[in-house]
Amino acid sequence: MSEVRVRFAPSPTGKLHIGGARTAIYNWAFARAMGGKFILRIEDTDPERSTQENIDLIIRAMRWLGLDWDEGPEIGGAYGPYLQTKRFDTYKVALEKMKENGSTYPCFCTSEELAQRREAVQKGADPEPDPCRCLAHDEAQARIDAGESHVWRLKVPQDRGIITVHDAIHGDSEFDAALQDDMVLVRSDGSPTYNFAVVCDDVNMKMTHIIRGDDHLSNTPRQVLVYEALGYPTPVFAHLPMICGPDGKKLSKRHGAASVEEYRDMGYLSDALFNYLALLGWAPDGETTIFSRDEMASKFTLERVSKNPSALDYDKLEWLNNQYVQSMGAVAFVDAIKGDLIDAGYCADDADVEAKRDLLEAAYPLVCERVKLMVDAVPMIAYLLADEVELDEKSVQKVLQKEGKGAKTAILEAAAALENCEWKVETIEAALRGLLEKLDAKPRLVFQPIRVAVCGNMVSPPLFESIELLDRSVVLKRLAKAAEVALD
RNA sequence: GUCCCCAUCGUCUAGCGGUUAGGACGUCGGCCCUUCAAGCCGAAGAUCGCGGGUUCGAAUCCCGCUGGGGGCGCCA
């Protein structure tokens, strides 16, 4: 078998959608697993909605996801160009071929006439063949020469019978050719329609497999007809099930985030989003849930792709994201929050981040298992970055100002204990634990007030480690300040 | 309306004629414990959408039904 060639063909009418991203991932994984080529092609035949900006955004989002391709608009390749608007001459050649073999005909119907006919059919009338289909060749040519507006339609062969679509995921699906309408191939302005352009491109770019969304399955028989009219063998199709919102309904704005970059901005890691999307409709086996791009690339097969649509589960995505946060390591962690650090004003610039690198990396083990989304990280370690810490209102009330709990004494004693002790976790912990006996108090009555004083909140990363990361003077200052508002 | 696709715990899934129907997220309980997490242990949760077949035996094969989804544009 010749080399596998697959493509991801987004239309740049918006950002990279989460469903599109998964389609891209599966195409990529299949190409890599088969030792084939993965091609990026931009379907920008709709001039109204396609923009260069969207093309750039899509490419950036794909790169962020960790995908790479062998041919594409920005890197070229042997079968370019990879923008449909730059391939109009190839569609003309294809149309000429179809004119010659009689598989297309000009249609002069106005959109009003078409709308009327559609309406009649909707109301139950039997669909009638397009009247232009039977126009004598000479008459049609005369009207074209007269400059009459027309489109070119596919002439579905009357005796074609059953069209079988071979699909690697669904198996064979059969469609009655007699039920396929004569779709428009070329618009009155000379531009190709989607269904025509895709086939021309897929043929010319030597695609062996077409992996795309389920929503295209019903369009496939008509595309098969175009392959046949052009005299080319059909590729293997693979239609992926749709992705739905958490409620099981088709994904829409109602569900919030829909684009890859929105997920990135929400704080999801590229590795996690990739892993999650890969898992939506494909599983390497019954056990494995966490795997890398390379693992997927070595194990992916179309046969194992699920046939049912899948609903997004944000809980699982978050869990997966945290798994990756826990395993990313301190260096990557600091790199990942660099921007947030600067935006929040904790660091002046990149150089400043590097200057504080030791502290930031030391903070990683304290927070990694509780950072679900990356955007949570900076607020979570803020108390380590500034001299002052703002005391959380609720924590003050519940911990510092609950009468009869000895919060003030605990804080004062803590300050005394930390005054001269060696500044290491072990000694800090020993010093503070010593208070338990001295005050004869339960751990939470001693440690919680100290936590609020030092970390600003009754919920925080580990206390002793946090203290160690702060300067003694800062800790003592915070304790003194908290003691002012604390009650016994 | 019509054509096509789909159907296993709440969710993502494993299963491809014989399993106590397995795993993951979530949920609940426990352990750990100075908080929140994380981690570990355990539990509940699926009459495999329904009804017929085929078979000694069906979640797995066949047919029908129901439910859901998608296509039917000079959108992609």
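Residue numbering note: each chain is counted from 1, following its sequence as written. Throughout, the order in which chains and ligands are written sets their labels, letters from A for the former and numbers from 1 for the latter. Where local features are concerned, this predicted model is filtered to residues with pLDDT of at least 70; where side-chain atom pairs are given and counted, the filter is 80 or more; whole-chain, interface and lining totals use all residues. Based on all heavy atoms of the structure, the side-chain values leave hydrogens and waters out of the count.

Considerations on the pattern of salt bridges
Only one rule defines a salt bridge in this text: a Lys or Arg side-chain nitrogen within 4 Å of an Asp or Glu carboxyl oxygen. Inspection of the entire model under this criterion finds 31 salt bridges. A salt bridge links Asp68 to Arg32, with the shortest nitrogen-to-oxygen separation between them at 3.4 Å. Here the residue Asp68 occupies a position in the loop between α2 (52-64) and α3 (88-100), and Arg32 occupies one in helix α1 (residues 18-34), the gap between them amounting to 36 residues. Only protein chains enter the calculation, and the probe is 1.4 Å; a residue is then buried if its accessible area is under 20% of its type maximum, exposed if over 50%, and partly exposed in between. What makes Asp68 partly exposed here is its relative accessible area of 35%. Between Glu74 and Arg63 there is a salt bridge whose closest N-O contact spans 2.7 Å. Highlighted residues: Glu74 in the loop between α2 and α3 and Arg63 in helix α2, separated in sequence by eleven residues. Each helix is a run of DSSP H or I of at least 4 residues and each strand a run of E of at least 2, with the numbering of both proceeding from the N terminus.

Details of the protein's contact with RNA strand B
A single heavy atom is enough: if one lies within 4 Å of a molecule or strand, its residue is considered near that molecule or strand. Of all residues adjacent to RNA strand B, which total 59 residues, the nearest are Arg187, Glu369, Arg370, Arg451 and Ser460. Contacts to RNA strand B include Asp46, whose side-chain N or O atom sits 3.2 Å from a sugar or linking oxygen. Taking Gly286, its main chain carries an N or O atom lying 3.0 Å from a base nitrogen of RNA strand B. With five residues, helix α11 (residues 314-328) is the single largest residue contributor to the surface near RNA strand B. Two N or O atoms form a polar contact when they lie within 3.5 Å of each other; inside protein one atom must be a possible hydrogen donor and the other a possible acceptor, and for residues adjacent in sequence the pair counts only when both atoms belong to side chains.

Quick word on a positive patch on the surface
Residues form patches when they are more than 30% accessible in relative terms and have no salt bridge. Like charges link within 9 Å. Nonpolar side chains (Val, Leu, Ile, Met, Phe, Trp, Tyr) link within 5 Å. For every accessible area listed, the method is Shrake-Rupley and the probe measures 1.4 Å; residues are considered covered only by the protein chains on display. A positive count includes Lys and Arg, and a negative count includes Asp and Glu. His and the chain ends are not counted in either. Note that the charge is assigned to NZ on lysines, CZ on arginines, CG on aspartates and CD on glutamates. Side chains of Lys394, Lys398, Lys402 and Lys405 sit close together on the surface and give a patch of like positive charge. Note that Lys402 resides in the loop between α16 (393-400) and α17 (407-418).

A short note on the domain arrangement of chain A
Delimitation of the domains relies on an automatic or database domain assignment. According to the domain assignment, chain A contains domain 1 (1-73 + 241-327), domain 2 (88-240), domain 3 (329-386) and domain 4 (387-488). Centre-to-centre separation of domain 1 and domain 2, based on C-alpha positions: 30 Å. Every contact between the two is made by 23 residues of domain 1 and, on the other side, 24 residues of domain 2. Summing both partners gives a buried area of about 2000 Å² for domain 1 against domain 2, and 62% of it is carried by carbon and sulfur. One salt bridge in this structure joins Arg41 and Asp202, with 2.9 Å as the shortest N-O distance. Connecting domain 1 to domain 2 are six residue pairs in polar contact (both at pLDDT 80 or more). It is α1 that provides the largest number of residues to the side of domain 1 that touches domain 2, a total of five residues. Whether two residues touch is decided by their heavy atoms; if any such pair falls within 4.5 Å, the residues are in contact. Here the quantity called buried area is the total loss of accessible area, with a 1.4 Å probe, experienced by two parts when brought into contact, counted for both.

Quick notes on the layout of surface pockets
Here a cavity means grid points, on a 1 Å grid over the protein atoms only, where a 1.4 Å probe fits yet cannot get out; a pocket means an open set of points with protein on both sides within 12 Å along at least five of seven lines; lining residues are those with an atom within 4 Å of a point. Grid points are joined across faces, edges and corners, and a volume is the space filled by probe spheres set on the points. By volume, the largest pocket is sized at about 1300 Å³. Together, 43 residues line the largest pocket, and Ser11, His17, Gly20, Asp215 and His216 are the ones closest to its centre. Every element with two or more residues in the lining of the largest pocket is listed here: β1 (5-8), α1, α6 (194-204), β8 (209-213) and β10 (243-244). Take the lining of the largest pocket: its biggest share by element is five residues, from α1. Classifying every residue of the lining of the largest pocket gives 15 nonpolar, 16 polar and twelve charged. Per-domain counts for the lining of the largest pocket show at least three residues from each of domain 1 (1-73 + 241-327) and domain 2 (88-240). Residues were grouped as follows: Ala, Val, Leu, Ile, Met, Phe, Trp, Tyr, Cys and Pro as nonpolar; Asp, Glu, Lys and Arg as charged; and all remaining residues, including Gly, as polar.

Details of the packing of α17 against helix α21 (residues 472-485)
Every axis corresponds to a line fitted to the C-alpha atoms, with the helix fit spanning only the stretch in contact, and the corresponding angles, defined between N-to-C directions, vary from 0 to 180 degrees. Closest axis-to-axis distance for the α17/α21 pair is 9 Å, and the angle between their directions is 160°. In terms of their interaxial angle, α17 and α21 are classed as roughly antiparallel. Note that α17 runs across α21; the crossing there is left-handed. Contacts between α17 and α21 involve Lys408, Ile411, Leu412, Ala414, Ala415 and Leu418 on the former and, on the latter, Arg472, Val475, Leu476, Leu479, Ala482 and Ala483. Broken down by class, the residue content of the contact of α17 with α21 amounts to ten nonpolar, no polar and two charged. Each angle is binned into one of four classes, with values under 35 degrees roughly parallel, values over 145 roughly antiparallel, values of 65 to 115 roughly perpendicular, and all other values oblique. Definitions for this section: a left-handed crossing has its near helix turned counterclockwise from the far helix by less than a right angle. A right-handed crossing has that turn clockwise.

Here we look at the nonpolar core
Most often, soluble globular proteins keep nonpolar side chains buried together rather than apart. If you look at the biggest cluster of nonpolar residues, it comprises 111 residues, and the most contacted ones within it are Met62, Met296, Leu432, Ile450 and Leu479. A total of nine residues in this core trace back to one element, the largest contributor, which is α1. Once residues lying within four places of it in the same chain are set aside, the contact partners of Leu479 are Ile411, Ala414, Ala415, Leu418, Ile450, Ala453 and Val454. We call a set of buried Ala, Val, Leu, Ile, Met, Phe, Trp, Tyr and Cys residues a nonpolar core when their side-chain atoms join them within 4.5 Å. Judged by nonpolar contacts, the second largest core, of 39 residues, contains Val186, Val199, Val203 and Tyr227.

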